[in-house]
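# Coordinate inspection notes
Here is what each chain is made of, one letter per residue.
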Protein chains: 2
Amino acid sequence: MTDVAHMKWWGWGVEGVAFHHEDKPAFAPFVKKAVGLDLSQPAGSPPSFDDLTVPASTAPAELIEALAGVVGANRVVTDDLDRVVHTYGKSIRDLMRIRAGLLPRVPDAVVYPADEAQVQGIVALAAERGVVVIPFGGGTNISGSLEPEVEETRPVLSVDMGALRRVLSIDEDSGLARIEAGAQGPDLEAQLNAKGWTLGHFPDSFTHSTLGGWVATRSSGMQSDKYGDIADIARGMRLVRPDGIAEIRAMPSASTGPSVREMIIGSEGRLGVITEVTVQVHRRPKRREVQAYFFPTFSAGLKAMQAIAESDASPSITRVSDARETGFSFATRKESKGVSGKVQAGLFEVLKRRGWDLDQLALSFIGYEGSPSHVRYQKRIVGSIVRKHGGLGVGSGPGALYDQKKFDTPYIRDFLLDRGAAADVSETAGPWSKLQGIYDTVIDAANGAYASLGRSGWIMAHLSHSYHSGACLYFTFAFVTGDDPIAEYDVVKSAIQQAFIDAGGTLSHHHAVGREHAPWMEQDISSEGVAIMRGMFSAVDPGNIFNPGKILGDREPARVDS
Amino acid sequence: MTDVAHMKWWGWGVEGVAFHHEDKPAFAPFVKKAVGLDLSQPAGSPPSFDDLTVPASTAPAELIEALAGVVGANRVVTDDLDRVVHTYGKSIRDLMRIRAGLLPRVPDAVVYPADEAQVQGIVALAAERGVVVIPFGGGTNISGSLEPEVEETRPVLSVDMGALRRVLSIDEDSGLARIEAGAQGPDLEAQLNAKGWTLGHFPDSFTHSTLGGWVATRSSGMQSDKYGDIADIARGMRLVRPDGIAEIRAMPSASTGPSVREMIIGSEGRLGVITEVTVQVHRRPKRREVQAYFFPTFSAGLKAMQAIAESDASPSITRVSDARETGFSFATRKESKGVSGKVQAGLFEVLKRRGWDLDQLALSFIGYEGSPSHVRYQKRIVGSIVRKHGGLGVGSGPGALYDQKKFDTPYIRDFLLDRGAAADVSETAGPWSKLQGIYDTVIDAANGAYASLGRSGWIMAHLSHSYHSGACLYFTFAFVTGDDPIAEYDVVKSAIQQAFIDAGGTLSHHHAVGREHAPWMEQDISSEGVAIMRGMFSAVDPGNIFNPGKILGDREPARVDS
C-alpha cells in the first residue's frame, strides 16, 4: 500500500465526518415540507463492505509482475477495497450503485506511480499489451468519468495519481507554478500559500479533487470571475502517451494552430495521463470580502448580475440564489443566537413593509479581492447596480458563513441516502438572454418528472460564474425514492439535462461529460462537432486503451495486441 | 465578377494609397542611418501584370460547370488576375515572390459563394471530386497560409468569402453578435457601431482582414488586454464540412470534453470553411484614452508593464517600444509645427538634466476605456506604477497620433521593396520572466544573421498584449537585400524564429503558422503535441482536401477520387 488517502468507499469525504441537523433547528421542518421526508424516523446506515460481492481481478499474474517491475510491488494493488474505491466517482448514481452492491466491472488493479517516469512505464506497458488505463485523481467526479466499461474484456488499470502532489516550482515574475497533477486542493493551496501565492481555484469538490482532475474535466471554481476557469488557469501541461510526453509549454497566448492545450483540457483521460500542469497563480490579495445582498426576486437578481458583468467592476464571485435555495440557506443555519436572529427578524419586517414578498427573497453573494481601495471601488459600483435593481446590501455576515460551509454540501447526499432520499446537482451555462428561460424550463421539466413518478420533489438553483456573455445556472434537486431509485433518478436527471439543451444552455458548465452526459453531446456541439472529436480520439488513441467510452459513449470493439 | 474588392495584386492596401516620406523630414536620414539606404536615389516601381507568366487553370470544364451550377456562372472565376490575387497573402516573402513573377502554382479557379448554402455545395462537390479547397478572407495573411502546394496535382479552388459580410443579429442582453465570416474589419465595425456596439478587435491588418480569417489564424487585436484575443471573443461558429455543418453554439463557457471550438480556431482552413462566427461585442465605451509615457530604458518599461498586469488596473492597451522603435516613431512623424516641437525639445532637455540617456528612451502607450471615473481610477493606478519604474507621463498627444496612423505601417514594406530593401515583422509571446531574455536573444540572432550576410540590418521591437503570466514581443526588421532577396530574408527570419523558441517563447503570438512557421511546430508544442494535431487532421479530413500542408507542413500524397 501507499500513503495515498481516499474518501469513504461508500460516500463523500473522510471517515468520521458527516452532515448533522440536530444543531440546525429549521432543517427538519424544511425537509419535511420540501420532499415529505420525516427526519425523526430512524435512519438506515451506510453499507457494510462485507456485504459486497467484488469480482476477482482478471489481471494476469505476468501483467502484475510487469507493473511491479515499473513501480515496485507495493505500488500495484489488487485488493478488493482498493479496487472498489477506484470503480466509481461520487455522483449520486455512483453512491446508489455502491450501496446496492452493483459492481459489474471493477478495475483489475490499482497502480500508484511515484513519479512521471513510472507513469510513462505504465502507459508504455499498457499500450504494448492492450491494457486499459483509467487515470484517477481524487475520485470526486460526478459524471461517470471513472468507471470501467461493463463489457470491457481487457485488463483495466486505475492509475491513481495521488503520490504526485508537489508544487515543483514557482516563477514569481510570471505568476506561474509547476504542480504535479495528483495534488489535491488543500495540499497545493497550502504549499502555494506558504510562499504568498494562491491558485484561486475553489470548486465544490476542492477538499478532495486534484489539479489533474480539474484539467481533465474542465473544472471551474467559485471565484472563477476573477481567476478564470481551469481552462484559463492551466497554461501548460505534460501528458504521458505511449510514445512519449506531449509537452505544452506555458504561454500567455499563442497562435500555433488548433489548440492542443484545449484538446487535453477536458479529455477525461482519453488522450493519455496528465502528470504535471503549469498554472497561473496570484499573490494572495491584501483584502478579501464576500458581501451579501437581498433581491426581491430571483429575476431581479439575474438582471443585477448581468449588469455587474457589463460594468467596470470585476468581482471575484457573483452568485444569486432563487427563493427556494435562499430558503434552504436559512434552513441549514445553526440556531441564531441572540442579536443576529433579532436583527434578521427586524430586517424582514422592514422588507415586508416595503412590499417585498419574503417567499420570493433571493440571497446574493458578491466577492471582492484586491487592495483595500480596489475592494472599496468595486463595492461602490456593485452597490449602485444592486440598488438600481431593487436590491439591498445586508453586510458581510452571511458571506463569511457561506465561505465557511461552502465545501460541506456534498455530505448531505449521504445523509439523505441513509433516509431513502436522493439529492443531486446539475449545472449548465448559457447566454444572459437565455438564463431566465433556462431556469423556467428546467424547473418545469423537473416538476414534470416528479409528477410522472408520482413523487413530491424539490429543485432549487443559483447563478454563479459570470462571464461577459452569460453565466452558469446551478440546480440542486432532491426527492424520496421508491422501489427503483436509479431509474427514478434517471427520469429526473434526464428531464433536467434535456431542458438545458432545449432552452439554449450547454449540457454542463464544469462537471464534464463522462458517461452521464454523453447522450447530449450531439445536441450540444452538433453531430459534425462530435465527428471531429471522435476522429481526434480514434486517431490519437488507435488502440482505444485510454479511458474508452467516456465523453462520446463511443466504445469500439476491444482490440488486444498479442 | 462580383462586388468583392481586393487589395493590390502586388502589394498592401488599396490602389492609389502608398507610404510617402516627403512630409516626414526625419525619415530619410533615419533610414540612411538604420540600413544604409539612400532615399534620394530613384526608386523602382511595382511590377506590371503583363510581365507575369500565369499558369493556365487546370480545372476541368466540367468542374467549372458543376461549380457554376452551385453558385452561378458569374461567381466562378478563372481569369489570371483573380487567380493571382488569390495565390498568396501579403507576407514579405509573398510580395517578393509576386514581384519576381514566381507563380509555380496558382488556384485553378476562384469561387465567390453568396451564402452558406453555396459554401456547403462547393465543399460537398470538392469532397466528392477530390478537389482542394482553400478558404480566402481578406488575403492579409503573412504566414503562407493561403498558397496552394506547389506539387498539388488536383484542381485547387480558392473560396473567397467576401460576399458573406453581414452582421446577422445582435443579442443585446448577452453582448453576442452573429456575423458572417467574410466581413472585413471596417465593415463589421461600422455595422456594430451603428447600433452602439464594438467588437474591440483591431489587429494591424484590420482594414482588410476578415472575421473568418481572424478565427482561422488566432488573431489578436491591439486592445486585446480588454477585449481578449479572437479565441476569447469567438464564442460560437459554423464550419462547413463535406457531410454537414459543425455548429458550436455560443456559450460563455462549457465542460463538453476537448474543445472543438478551440480546434476550429487556428485551423487555417484545414477542417472546413468557417461561414459564421458569434462574437462577444461590447457597448462602445463612454470614454477612451490612449496616454503616452516615457521610460528611461526598455527594460524599465517591461518591468512596468509586468507590474500593471499584476495590478488592480485593467487597461485596454499596454505597449512599450524599445529605444530603436521609439526612434523610428519620432522619425515617421510629420514635421513638428511650432509649439509641439518646442515642447518636446524642452521635455528632452529636462530628461537629460535628470540623467536620462535619450538614446535609451522607451515610448509607451497605455489605453483606458470605460466610464470617465473608471478611466480616472485606472490612470491613477498606472501612473503610480509608471513613477515607481522611473517613467513619466507625457499626455495624450502621442497616443492620438498612434491611434490615427496605427494601420498605415504595412504600406512601408512596398515603399522599401521599390528601393531594394526588405522589411518584415515577427512576433512571439512568453512568460514575463523570459521576455527580457527573448528580446536580447532575438536582437543578437538578427544581428548575427545580418553579419553572416555581410549586411547592415535593423531590428526594433515593442511589447504589447499583456496577460497575467506574460506578453507579446513584436519585432520589426529591415535590411537592403542583395542578389537573392528571398534566401537572404530566410536567413534573418529563421534566426529570429529559432531565437524565439530557444529563449522560451512561442513561434507566434497572433500571426498563425501557415507554411512559414511550420518548421518550428515540433519545437514549440513537442513532437507528441504535433502527433495529436496531425492525428486530428488526418482523421477529420481523410481526403486531405482542406488547405493541405498548412500548419504542420505535412502534405500527404494527393488522393484523387475517381
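Refer to the structure presented above.
Residues numbered from 1 in each chain as written. Chains lettered and ligands numbered in written order. Predicted model: local features only at pLDDT ≥ 70, side-chain atom pairs only at ≥ 80, totals over all residues. Heavy atoms only, no water.

### Examining a positive patch on the surface
A grouping of Arg376 and Arg380 of chain A together with Arg376 and Arg380 of chain B is seen on the molecular surface, where their side chains present a positively charged patch. Taken together, the elements giving at least two residues each to the positive patch come down to α14 (372-388) of chain A together with α14 (372-388) of chain B. In this structure, Arg380 of chain B sits in helix α14. (Patch = residues over 30% accessible without salt bridge, like charges linked within 9 Å, V, L, I, M, F, W, Y side chains within 5 Å. Areas by Shrake-Rupley, 256 points an atom, 1.4 Å probe, with all protein chains shown as cover. Salt bridge = Lys/Arg side-chain N within 4 Å of Asp/Glu carboxyl O. Lys, Arg positive; Asp, Glu negative; His and termini not counted. Charge placed at Lys NZ, Arg CZ, Asp CG, Glu CD. Helix = DSSP H or I, 4+ residues; strand = E, 2+ residues; numbered from the N terminus.)

### Describing the side chain of Arg105 of chain A
Residues and elements named next belong to chain A. Position of Arg105 relative to the elements: it lies in the loop between α4 (92-99) and β2 (109-111). A polar contact is formed between the side chain of Arg105 and the side chain of Asp108, at a distance of 3.1 Å. Every residue in contact with Arg105, bar those within four places of it in the chain, is listed here: Thr58, Thr87, Pro148, Glu149, Val150, Glu152, Arg154, Pro155 and Val156. (Polar contact = N/O pair within 3.5 Å; in protein donor to acceptor, adjacent residues only side chain to side chain. Contact = heavy atoms within 4.5 Å.)

### Concerning the side chain of His201 of chain A
Here His201 of chain A lies in the loop between β7 (197-198) and α7 (211-217). A polar contact of 2.8 Å, which involves the side chain of His201 of chain A, links it to the side chain of Ser219 of chain A.

### Some details on the nonpolar core
Within the largest apolar cluster, 126 residues are counted, with the highest numbers of intra-cluster contacts made by Leu192 of chain A together with Leu192 of chain B. Those residues in contact with Leu192 of chain B that sit more than four places away from it in its chain are Val167, Ile170, Ala177, Ile179, Trp197, Thr198, Leu199 and Val281 of chain B. Counting 99 residues, the second largest nonpolar core, distinct from the first, contains Phe295, Ala300 and Met305 of chain A together with Ile486 of chain B. (Core = buried A, V, L, I, M, F, W, Y, C linked by side-chain atoms within 4.5 Å. Buried < 20%, exposed > 50% of the residue type's maximum accessible area, 1.4 Å probe, protein only.)

### Here we look at the sheet that holds β2 of chain A
Residue and element names in this part refer to chain A. Ordered in space as β1-β2-β4-β3, the four strands form an open sheet in which the pairing is mixed. This sheet does not close on itself; its edge strands, each paired only once, are β1 (76-77) and β3 (132-136). Across five bridges, the pairing between β3 and strand β4 (residues 156-160) is parallel. Counterpart to Phe136 in the pairing with β4 is Asp160. (Pairing = 2+ DSSP bridges.)

### Considering unusual backbone geometry
Residues other than glycine seldom take positive phi values, yet Asn544 of chain A does so here, at roughly 55°. Among the secondary structure elements, Asn544 of chain A is positioned in the segment after α20 (527-540). Not every positive phi belongs to a glycine, and Asn547 of chain B is a case in point at roughly 35°.

### Some remarks on the relation of the copies chain B and chain A
Each copy superposes on the other: chain B lies on chain A with an RMSD of 0.0 Å after a rotation of 180° and an axial shift of 0.0 Å. On the angle and the small slide along the axis, the relation comes out as a two-fold axis. Within chain B, Met536 of chain B has its C-alpha nearest the rotation axis, a separation of 2.2 Å. Comparing interface residues between copies, 100% of those in chain B also sit at the interface in chain A, which points to an isologous, same-surface contact. (Least-squares fit on C-alpha atoms with pLDDT ≥ 70 in both.)

### Focus on the interface of chain B and chain A
Each partner contributes residues to the interface: chain B has 83 residues there, and chain A has 83 residues. In this assembly, chain B packs against chain A so that about 6,300 Å² is buried in total across both faces, 57% of it on carbon and sulfur atoms. For the interface between chain B and chain A, the tally reads eight salt bridges. Its salt-bridge partner being Asp524 of chain B, residue Arg249 of chain A comes within 3.1 Å of it at the nearest N-O pair. On the surface where chain B and chain A come into contact, there are 40 residue pairs in polar contact (both at pLDDT 80 or more). Sort the elements by how many residues they give to the side of chain B that touches chain A and helix α20 (residues 527-540) of chain B lands first, with nine residues. (Buried area = accessible area lost by both parts, 1.4 Å probe.)

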